[in-house]
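Residue strings, one per chain:
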Amino acid sequence: MTGDALAKLVEGYREFREGYVGKQYAAYRSWASKAQNPRVMMIACSDSRVNPAILTHAGLGEVFMVNNVANLVPPYKEGKDTHHSTSAALEFAVCHLQVEHVVVLGHSRCGGIRALMEGITCKHDEPYSFIEPWVNIAREAKDGVLVRHAGCSPEEQAHFCEKEALRISLHNLDSFPWVRAAKAQRGLQTHAWYFDVGNGDMERYDAGNDSFIPLLGTPSP
Ligand SMILES: [Zn+2]
């Protein structure tokens, strides 16, 4: 980020701060100083074009957020010798905050999925240390797409893989025993959304038909 880009954010914060100390945020400040109580957790990509709070106009305190490369949910795995930041956030959201919804938000033109499909190396042609093993969480998605869509272009295959990876993340959510328990005992719901960064369309995964349909119910004109 250049100095000018950072200065723009500082100016944005200045505007936020002015509203924050005014009446607009008075109610928020009164409860936020005690505890957070979001009803929704979202797991989104680190991609700068896919910010769930901006896409949904969510306010402070409304969404418990996790961002990671390619918005992946790893499978449940016990162990104290590994670093499971996404699993830790999920545990806190489901077991402590008792959120009612977990939304995995995927998107088009995802660099993480592209890295999964094509491999990725740093500028000196050496493999990255962390990206490959991370995106391999969705390895099954890649393998399936390469078989089912063998004749498609790399761009089309990546598109299919982005959605297939969402199915895997939904499946992995259910591998956590306390997610299954929360679903059965208090109605926790898990969702997958897919955002098209090119045209702004948002789809949701319809488990009944195993397909993605417009989030707003009707296709955009
Ligand atoms: Zn991405």
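Now for a description of the structure that goes with this document. (Residues numbered from 1 in each chain as written. Predicted model: local features only at pLDDT ≥ 70, side-chain atom pairs only at ≥ 80, totals over all residues. Heavy atoms only, no water.)

**Observations concerning helix α9 (residues 177-186)**
Here comes step 1: Buried within α9 are the following residues: Trp 178, Val 179 and Ala 182. With its buried residues spanning 105° around the axis, α9 presents them on a single face.
Here comes step 2: Downstream of α9 by a residue or two, Gly 187 has a phi angle that is positive, lying close to 80°. (Buried < 20%, exposed > 50% of the residue type's maximum accessible area, 1.4 Å probe, protein only. Helix = DSSP H or I, 4+ residues; strand = E, 2+ residues; numbered from the N terminus. Arc of directions from axis to C-beta.)

**Focus on the sheet that holds strand β4 (residues 189-195)**
Here comes step 1: The strand order β2-β1-β3-β4-β5-β6 describes an open sheet built from 6 strands, whose pairing is mixed. Lying at the two open borders of the sheet, with one neighbouring strand each, are β2 (63-68) and β6 (211-214). Within this sheet the neighbouring strands show an average axis-to-axis angle of 30°, counted without direction.
Here comes step 2: Bridge analysis of strand β5 (residues 202-206) against β6 gives 4 bridges, and the strand direction is antiparallel. Bridge pairing in β6 places Glu 203 opposite Pro 214.
Here comes step 3: Sitting on the sheet, helix α4 (residues 85-97) is in contact with β1 (40-45), β2 and β3 (101-107), with an inclination near 165° to β2. (Pairing = 2+ DSSP bridges. Axes fitted to C-alpha atoms, helices over the stretch in contact; angles between N-to-C directions. Contact = heavy atoms within 4.5 Å.)

**Some thoughts on the environment of Ala 192**
Here comes step 1: Looking at the element boundaries, Ala 192 is found in strand β4.
Here comes step 2: Given a relative accessible area of 2%, Ala 192 falls into the buried group.
Here comes step 3: Sequence-wise, Ala 192 and Glu 126 are 66 residues apart; in three dimensions their C-alpha atoms are separated by 34 Å.
Here comes step 4: Setting aside chain neighbours within four positions, we find Ala 192 in contact with Val 104, Leu 166, Leu 170, Glu 203, Arg 204, Tyr 205 and Phe 212.

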